[in-house]
Amino acid sequence: QVRLVESGGGLVQTGGSLRLSCAASGRTFSSYAMGWFRQAPGKEREFVAAISGSGDSTYYADSVKGRFTISRDNAKNTVFLQMNSLKPEDTAVYYCAVGRTSYVFTTVYAYYVWGQGTQVTVSS
């Protein structure tokens, strides 16, 4: 059974940076895409970024493009989300998820295992 454990969240000021990590166990990690999503209070879970199984394809939400970078280390079964130039509107619980295939998708339905989430709070 696949398990995901996120870490790296916290409180940061506007313009600051954080790096989220998501460690996976239980399956052939490199065969599957990984995604990051976020959910703010009272809002639906939204797509942030995704990376293909091989790591050669990435996709970002318009709201984070140019500020966030997704990457993965298949040797360590870990995916990362580097977040720079953070804004108060980036405040949310961030979740990583395992894709059903190796290809990048933006919908939550393309992902079937989710981590417990890590809180990111950006103060103004």
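Residues numbered from 1 in each chain as written. Predicted model: local features only at pLDDT ≥ 70, side-chain atom pairs only at ≥ 80, totals over all residues. Heavy atoms only, no water.

What to know about the side chain of Ser21
When you line up the elements, Ser21 lands in strand 3 (residues 18-25). Other than its neighbours up to four places away in sequence, Ser21 contacts Val5, Glu6, Ser7, Trp36, Thr78, Val79 and Phe80. (Helix = DSSP H or I, 4+ residues; strand = E, 2+ residues; numbered from the N terminus. Contact = heavy atoms within 4.5 Å.)

Focus: the sheet that holds strand 1 (residues 3-7)
An order of 1-3-8-7 is seen for the four strands of this open sheet, with the pairing classed as antiparallel. Edge positions in the sheet fall to strand 1 and strand 7 (68-73), since each has one partner strand and no second. The mean inter-strand angle of the sheet, taken between neighbouring strand axes irrespective of direction, is 15°. Where strand 7 meets strand 8 (residues 78-83), six bridges bridge the pair, whose relative direction is antiparallel. Within strand 8, the residue paired with Ser71 across the bridge is Phe80. (Pairing = 2+ DSSP bridges. Axes fitted to C-alpha atoms, helices over the stretch in contact; angles between N-to-C directions.)

Description of the packing of aromatic side chains
Overall, the coordinates contain five aromatic pairs when judged by the stated rule. Through a chain of ring-to-ring contacts, three or more aromatic side chains come together here, namely Phe37, Phe47, Tyr59, Tyr111 and Trp114. Its end group placed over the ring of Phe80, Arg19 keeps NZ or CZ at 4.0 Å from the ring centre. The lysine or arginine in question, Arg45, covers the ring of Trp114, its NZ or CZ lying 4.9 Å from the ring centre. (Phe/Tyr/Trp six-rings, centres within 6.5 Å; stacked < 30°, edge-to-face > 60°. Lys NZ or Arg CZ within 6 Å of the ring centre and 35° of its normal.)

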